Amino acid sequence: MCKESDQNKQIELLGTARTTGMKIGILKVLYCITTFFSLFMVAWIVIFPSSWLMGRSDFHDHIVNEAFIKTYDGTQVPPGTVTKYAGHSLIQFTHILPGAIWAGAIPFQLHPTMRQ
């Protein structure tokens with residue numbers, strides 16, 4: 001009888017370990033996906049199309065014009081999304097650039113080590 005009770009406890013612990021392992025695995029996958037999207041957003045803001053540069057760099061404006069405005073057919077991101085802050089320096093530096101910092105901070109906010 002004692003052996004049967006021990007076996008039941010071992011089976012219960014094994015089931016708990018599997019469930020915990022699955023949860024940890026799912027959390028790791030979700031963390032990787034979230035990190036990818038966070039880095040994508042930082043790249044979108046800072047590197048290309050980087051709407052914070054609109055109106056500040058002729059070269060950048062030319063590339064955006066060629067890549068977004070001239071080729072726009074209604075199926076991709078509307079050009080107005082990228083060009084709407086051109087010439088609005090205050091908004092570019094107080095709204096768009098802090099957005100890159102916020103997006104870059106997300107993986108650190110979600111990482112278990114940083115949250116302890």
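What you see is a predicted model, and the numbers here were worked out from it, not measured in a lab.

Undergrad: How would you summarise the packing of aromatic side chains if you had to cite specific residues and measurements?
TA: Enumeration according to the criterion identifies five aromatic pairs in this entry. Relative to Phe 37, the ring of Phe 36 lies with its centre 5.4 Å away and its plane at 65 degrees, an arrangement referred to as edge-to-face. A single burial state applies to Phe 36 and to Phe 37, both of which are exposed. Aromatic side chains Trp 52 and Phe 93 sit 6.4 Å apart centroid to centroid with 65 degrees between the ring planes, which places their arrangement in the edge-to-face category. A residue pair is termed long-range when its members are at least 10 positions apart, and Trp 52 in the loop between α1 (2-46) and α2 (58-69) and Phe 93 in helix α4 (residues 89-110) qualify at 41 residues. Taken together, the aromatic side chains of Phe 40, Trp 44, Phe 48 and Phe 68 make up a single cluster linked through ring pairs.

Undergrad: Hey, could you go over the confidence of the model for the chain for me, with residue numbers and the actual values?
TA: Detail in the predicted coordinates should be disregarded across regions flagged by low pLDDT. Per-chain confidence: the chain averages 83 in pLDDT, with 84% of residues scoring 70 or above. Looking at the elements of the chain, mean pLDDT is at its lowest for α1, recorded as 78, and at its highest for α4, recorded as 92.

Undergrad: Give me the lowdown on α2, citing residues and values where you can.
TA: Residues spaced three or four apart along an α-helix point in a common direction, a consequence of the helix completing one turn every 3.6 residues. When we look at burial in α2, the residues that qualify are His 60, Val 64 and Phe 68. Buried residues of α2, viewed axially, fall in a sector of 35 degrees; they line one side. Set apart from the buried face of α2 by more than 90 degrees, the exposed residues are Asp 58 and Phe 59.

Undergrad: Outline the pattern of salt bridges, supporting the account with residue identities and numerical values.
TA: Applying the stated criterion to the full structure yields one salt bridge. Of the charged contacts, one joins Lys 70 and Glu 66 as a salt bridge, the two residues approaching to 2.8 Å between their closest N and O atoms.

Undergrad: Which residues make up unusual backbone geometry, and what are the values?
TA: Along the chain, Phe 48 connects to Pro 49 via a cis peptide bond; the corresponding omega equals 10 degrees. Position of Pro 49 relative to the elements: it lies in the loop between α1 and α2. The phi torsion at Ser 50 lies on the positive side, around 40 degrees, for a residue other than glycine. Along the polypeptide, Ser 50 turns up in the loop between α1 and α2.

Undergrad: Mind laying out the nonpolar core, listing which residues take part and the relevant values?
TA: Residues Ile 45, Trp 52, Tyr 85, Ile 96 and Ala 100 constitute the largest nonpolar core, which totals five residues. When neighbours within four sequence positions are excluded, Ala 100 is seen to be in contact with Val 42, Ile 45 and Val 46.

Each value, and the rule that gives it
Residues numbered from 1 in each chain as written. Predicted model: local features only at pLDDT ≥ 70, side-chain atom pairs only at ≥ 80, totals over all residues. Heavy atoms only, no water. Phe/Tyr/Trp six-rings, centres within 6.5 Å; stacked < 30°, edge-to-face > 60°. Buried < 20%, exposed > 50% of the residue type's maximum accessible area, 1.4 Å probe, protein only. Helix = DSSP H or I, 4+ residues; strand = E, 2+ residues; numbered from the N terminus. pLDDT = per-residue confidence, 0-100. Arc of directions from axis to C-beta. Salt bridge = Lys/Arg side-chain N within 4 Å of Asp/Glu carboxyl O. Core = buried A, V, L, I, M, F, W, Y, C linked by side-chain atoms within 4.5 Å. Contact = heavy atoms within 4.5 Å.

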